[in-house]
Structures are given as structure tokens and as C-alpha cells.
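A look at the structure
What follows is the residue order along each chain.
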Amino acid sequence: MAMNNKRRKLEGVDIPPKAPASPATPVMSAFAARQQLWGAPSPVAKTPVNENPTPAQRDSTPAKTIPTRRNKRGAAKEQVSTPVNKDPTPDLNRERGDSIPPSPILSPVLGTLIPPVVRERQPQYSSLKPHKKNYQQKPDGCVALRTPDGERLVILGSYGIEVHQGEATIAGAQLTPLDPVQWIHAPHCHALPVLRTSEDTVVELHPHPAANGLRQLAKLNPAFGKLWNEVPTQGVPSKKDSTFQILFSPEDVPKKVALQELVSPPEWNKKLASLIATKRKGASSPIFFLCGPKSSGKSTFGKLLANRLITDRAGNKNAPWSPIYILDIDPGQPEFGPPGVISLVRLTSPNLQPPFCHPTLEPVTSMIRSHAIAAVTPALDPEHFIECVMDLFTTYQTQTHPGGEKKPPMVVNTPGWIQGLGLDILSDLVKGIKPTEVVYMSTEGPEETISGLQAAISFIPTTAFSTLPSQNTTEILSSSRIPSSLRTMQAMSYFHLLPSLSTWNSTPLSHAPPWRVRYTGPDRGFRGILCYDYQPSPRILAEAINGMVLALVKISNLAALRGLDNIIEAGSGKMPLIDNPMGKSLDPKFSELVGLVLVRGVDERRGELQLLTPVGMGGVEKGEGRLVLVMGKFDTPSWCYSEELFRGFRGCMGVRPGGRGGRFGGLGGIWGGVRWWRGDGVCWGDDGLGYKGDFFFFWLSGCISSNLLGPSASTNDTDIVYTPMCPGGLGWTDHA
């Protein structure tokens, strides 16, 4: 019965008839097909077959050999061979690292061409072939290179370049023996600059003195980790602790890293040459306005242009470098300064490092003037943003130069907001600055943006407009360093910077001595706290600013407050709050940024703020009491809350008279004394930091709160210990 059911089911199904075997496609087993593939050539074009061969031709035709079990291995070995290229002409594609695509194989079973597996040759980064005559490593870590034929070098890490003979170029900068050592940071999270040398050039690479401090930040945040030369060079002698590494082949690249070289397309090179010619011929100072979509290459092109302008000697090899100005007005990704800040910068040497490696510059020689937008986008207050930009431009116009020389050229780097309100901002800036040329970094529109910019310059006869192709999207690194991660690295680098030593402090901020700023009494250190855009309730002002980033602004005239004269004593600590119900901002004509500060704690009992900032004592003293703390929409500094967690830093034990110890941690540690910052001057204080045996002990008079996020805690001076910081905001507590 079961058999009948099966037959019924089979009979009810329409089985298509089998197609007759084609004579051109004989039916064979998989084993026979493989044997035929081993012996069959890879024909691209079939050889014509003579259907009527002569007897001589018939005799000369070799008979086909059918592989058997005896001759199977021998036939396979004889038939598998590598074709030899007898063409003496060199293949340029092979020199660039490309591979020759092999011929497809005809499948005897399917009757179709099987696409071959293309094995691409590994890329070669540096063209130099090191040997004793052209590569010499010195005991001090320096590397001397001789390039008689001109070479290209891709270097990963931190190093200095000194040209002893010939000429070299890197990131648009032209270096000669007259130039000093140029220091470079080249992490692989950014495109690596390519060092190109001319014929008969001698170059010496120096270890970077500040490399160790920058790399130590990886202990505090993994975003700084695995950016440098962590793999020893293959085939080239080098020290393991070298700060740089020349990349010759993919074996030299750290694992799981997609390296990208800094590339300038031909259209960019042509435009750079024309802009340099404009600088040489122009009687007035050229101003180049760069704009375009996000990730279109504005910053990259601006860096290449700035380096070319600085090192251009106009044909005179003995001429010194000429300075230029940079109007850096992208608050989201600034080139010079922390996020949320725009600035006017004077450069006298090429810019050869990413932004997080120079988060601030010297305030006198380089950083001319800066303003706090207090946000990473101009959308917070577009009118205030335009006012700040125009104030910086006015500062550039009023700069005096010795000997009546014309002003140096200026490069304007704008944000990537190009539509809607962003287009209106760009149009207003173009009308106010009146640049020599507007360079739009995209040839694909949007058409609305291009037509809007062209309409803005239609009434400015001296302004030209041009477009350039964006940087290749395939060349943008797909790494974990997204824009928000880069902003975090830049902010963290800013607060850990030691400007006087030009290096970084890898100690967690919880163990850094703070400024203690008095905010009560007639001699308070600042006038008040001003909130942009949104003003919290005065009752929770201390909690709102605790653990956040504020801007320290100096005002030269009370007109900067725009009539905001009402000061409220907020909270139980009577913190001065400048009442701002309409969301006004400071007038940039009468104010400028001193620096950013991180509020480490609020001591309401003493009436003090504990602030962390890289700003030196000189910058604070110049305020002369006319200082305002600005609260806006800076990125939340969550990176500083977890520094001790990543560092695994337990610090030292706090010993009190009872002999019981507590753990030293949290964002409230005091090492080496406490800095006092008051309205009547700046001085150093010491609250009794002592040393006893293997322990630190603290004998503090009264009470101090060092919490980060939570409310202030009050304890006895004999029961004060440090506790590790947690999201709950623990500060001074009794550890008993």
C-alpha cells in the first residue's frame, strides 16, 4: 500500500524531460572534468581548426592522451605550467603594484567561462631600497638617508626632518638645508604625509622628543591607543623604542590597520599652483575662502595650501619663509584650538601634524585672538557666530607689519554646513570678508549652494569662484576615529597639555592640582557665570556646571555684557550668576577667550570653584579681575570621568592620625600643592601636603569638597580621605 501511494505521488508530478546532451558538452564525471581542466589551456581566442587537413598535417597532429591511474600524476605535473612573458617591454601596472588579470577558463561541464581568482600584488609604500650606502642608523636613534635618484618615503610615527643636502617636500611644504628641523606627528588615524626627495638629497630623521608624552595618553583613553609604530620594521635595523618607522612593505604595517597616504589629486595641484601665482603677482594680500560639504577635503586642501604659501620662496632659494594667517572658523573640527572655539592664527612654519597634536598654540606669537562659540556648530547662535568671525577678520585687517609691508595672505577654513541656514551664514561671510577667491570643494553640487555662493559674490568684482573635486570617498579611512572620537581626543589633549614643556601629562586629571577660584566676597576671581542659549534654575547652578567644560572669557569693557548687569546669588553657596533670560551672548568686540576650564568641584562652604585648565598664570593675570565663565553646549567631558578606570591607577594611601588609611583617587586628588587663583593676584598655596614613610597624608584645615558630579560633602579634617570617583559623584567622604 505504501508503495502504491509513492507511485501515485510520483505520477502526479510533472517531471520535465531531460535535455539531450549537447555534442559540444560531453557528459563526464567530476573527476574526468578536473583531469581535463588540468591539461586544457586557457584560451582567450579559439584557434581556427582546419576541417580538411592534409596527410602531413594529420600526421603532425599529436594524439590526445587520456589520463589513467598510471600516468595521472605525471600528466598533471607536466601539464601545469606557468606562462612566461616574453615581451621585453616592462608593464607599468606591475610597477605600481597592480596584477595582470589571468585568462578565464572554459568549464567543460557548464560550457561557460569561469572567472579567475585575481591575486593582487601587495602595495609598496616607500620606494627606497635600504642598504649600507643609503641607510644609516645612528646610536642616538637618528636615521640618515641618501637618495641619489629621488625617492618617496612613507613614515609612521613621530619624527623630525632635517635636510642636509638637496630638497624635500612633505604635505605641500618645501624643505631645504636652510630650514630648521620640522617636527611631525603621523598617526595612522589620519592620512600619512609622503616625504618626497629630489636627486642627490641627504635627509636625517630625528626621534620626536614629545612622542612619549603623547603616547602615554593611551593609558587614559583607548582612543589614543594603537596609532603609532607598534610593529618593528621588517628587514631594517631599528630600535624597539624608536618614535617612527619607515614603511617599505605591508609587513611593516601594524595588524588590522588600513593605512592611507595623503594624496593631492591633479586638479588640486593645478589649483595650488594658480593660487601661489596669485600670491606672487598680487599687489594686495590674497584671501582664500574654502568651503564645501562635510568630508570633502577642506581641511586637507587648506593645510596643503598653507604649507605651500609659507615655504614658497618665489624662486629665491635663500629667501626666508613668509608667515600667513589662518582664520579657523569650524567649531566642530578646528585645526587650532579645542572644540567649540574659533580663532585667528598666525603661522610661521608648516603645519605637519593632526589637530589633536597641537590643541593650542602660543598666545603671543601664534594665537592672535579667539572666541568661544560654546558649541560644536554655529546653529547655537548664528548671529553671534558671524559677529565673532567678523571680529577676527577685523583683527587681521588692523594688524601692523614692520616696514610697511603688505599683509600676509590668509586662508579661511569654514564648517561643512552648506544648506539652508548654513548657506546663509556662508553668503554673509563672503559678503563681509570679500575674499580674493572662493574655492568650493565639490563639483557635484548641491546646485542650490553653488548658485547661492555665486549670487553672493556677484556684487564683488574682485572675487573669483572655482570648484574642485572632493577627496575620494574611498580614500577616507574607515577607522574607529569618527568625528566625535576626534573631538574627544582633541579636548583630552588640550587639558593634558603642558604648554611650557611642549608635551603632555599622562597623569589622570583627578591627580592634577587645580585652580581654587574664590567666587564670593569683594575679591572674587571672576565677575559671574553667563549661560548661552539656556539658563538653568539658580537653585541647581552648582550641579549644572559641576564636571562640565566652561569658557574663561576676558572682557575689556562692560559693554561686552550688552546690558546684562543683574547678578543673582545662585544656590546655597551664593554663586554669582549673570541673569540672561533672553539668551544673549557677549559682544566679541569687547571680549576674547582666555581658555577652556574643567570644573572639577564646587566648595560651597569656602565659596570656591576648583578648575583645571592648561592656561598659564600669565593668561589669568591679564584678566585683571574682568573675567566671565561662559556655559554653553560644549561636549560633555565623559572621557575625564573614566581616566582612572583605564589607567588602573590607585594612587597613594591617605593616612590620618587614627592610623586608618583610605584610597587616594577620584577627580579631586591634590599632588604637589594647590594653586590659588584670586581676584587680587595669583599665588601658590600648600594645604599641608606631607610625606611619611611610604604614604602620603593630608592635614587640611577645615573642609573642602572635591566632588565631580554630586553635591558637596563635608567631613572633619581628621577623617578626610579620597575615594575613587564613580558616576554617583563621590568626593570627600568618611572611609571609616
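Residues numbered from 1 in each chain as written. Predicted model: local features only at pLDDT ≥ 70, side-chain atom pairs only at ≥ 80, totals over all residues. Heavy atoms only, no water.

1. A short note on the overall build of the chain
Within the chain one finds 16 helices and 34 strands. The proportion of buried residues among the 736 residues of the chain is 46%. (Helix = DSSP H or I, 4+ residues; strand = E, 2+ residues; numbered from the N terminus. Buried < 20%, exposed > 50% of the residue type's maximum accessible area, 1.4 Å probe, protein only.)

2. Details of the sheet that holds strand 18 (residues 464-467)
The seven strands lie next to each other as 15-14-13-16-12-17-18, forming an open sheet whose pairing is mixed. Each having just a single partner strand, strand 15 (367-372) and strand 18 make up the two edges of the open sheet. Strand-to-strand twist across the sheet, computed as the mean angle between neighbouring axes with direction ignored, equals 15°. As paired strands, strand 13 (residues 324-328) and strand 14 (residues 341-347) are joined by five bridges and run antiparallel to one another. Across the sheet, aspartate 328 pairs through a bridge with serine 343, a residue of strand 14. Packed onto the sheet, helix 8 (residues 298-311) meets strand 12 (287-291), strand 13, strand 14, strand 16 (410-413) and strand 17 (437-440) and runs at close to 160° relative to strand 12. (Pairing = 2+ DSSP bridges. Axes fitted to C-alpha atoms, helices over the stretch in contact; angles between N-to-C directions. Contact = heavy atoms within 4.5 Å.)

3. Some thoughts on the environment of phenylalanine 224
With respect to the secondary-structure elements, phenylalanine 224 resides in the loop between helix 6 (211-215) and strand 11 (244-247). The spacing of phenylalanine 224 and leucine 214 is 10 residues in sequence and 8.4 Å in space, taken between C-alpha atoms. Leave out the neighbours within four places in its chain, and phenylalanine 224 touches Leu217, Ala218, Phe356, Met489, Met492 and Ser493.

4. Details of the nonpolar core
Tyr159, Ile161, Ile170, Leu195, Leu205 and Phe301 are the most contacted members of the largest nonpolar core, which totals 54 residues. Setting aside its immediate chain neighbours within four residues, isoleucine 170 contacts Tyr159, Ile161, Leu175, Ile184, Pro193, Val194, Leu195 and Leu352. In this structure, Leu227, Leu530, Leu612 and Trp639 belong to the second largest nonpolar core, which totals 44 residues. (Core = buried A, V, L, I, M, F, W, Y, C linked by side-chain atoms within 4.5 Å.)

5. Topic: the packing of helix 9 (residues 382-397) against helix 10 (residues 421-433)
Interhelical geometry of helix 9 versus helix 10 gives an angle of 25° and a closest axis separation of 11 Å. On the basis of their axis angle, the class for helix 9 and helix 10 is roughly parallel. Here helix 9 and helix 10 pass one another in a crossing that is right-handed. Together, Pro382, Phe385, Ile386, Val389, Met390 and Phe393 of helix 9 and Leu421, Ile425, Asp428, Leu429, Gly432 and Ile433 of helix 10 make up the contact between the two elements. Tallied by class, residues from the contact of helix 9 with helix 10 come to 10 nonpolar, one polar and one charged. (Parallel < 35°, antiparallel > 145°, perpendicular 65-115°, else oblique. Left-handed = near helix turned anticlockwise from the far one by under 90°. Nonpolar A, V, L, I, M, F, W, Y, C, P; charged D, E, K, R; others polar.)

6. Describing helix 12 (residues 483-495)
Between its first and last C-alpha, helix 12 extends 19 Å over 13 residues, near the 18 Å set by a 1.5 Å rise per residue. Within helix 12, burial applies to Ser485, Arg487, Met489, Gln490, Ala491, Met492, Ser493, Tyr494 and Phe495. (Expected span 1.5 Å × (residues − 1).)

7. Brief notes about the packing of aromatic side chains
By the definition in use, this model includes seven aromatic pairs. With 5.5 Å between their ring centres and 80° between their planes, tryptophan 268 and phenylalanine 301 make a pair best called edge-to-face. One end of the pair, tryptophan 268, is in helix 7 (residues 266-281); the other, phenylalanine 301, is in helix 8, and 33 residues separate them in sequence. For phenylalanine 301, a relative accessible area of 0% translates into the label buried. (Phe/Tyr/Trp six-rings, centres within 6.5 Å; stacked < 30°, edge-to-face > 60°.)

8. Describing helix 11 (residues 447-457)
Buried within helix 11 are the following residues: Thr449, Ile450, Gly452, Leu453, Ala456 and Ile457. Buried positions in helix 11, seen along its axis, are confined to an arc of 165° and lie on one side of it. (Arc of directions from axis to C-beta.)

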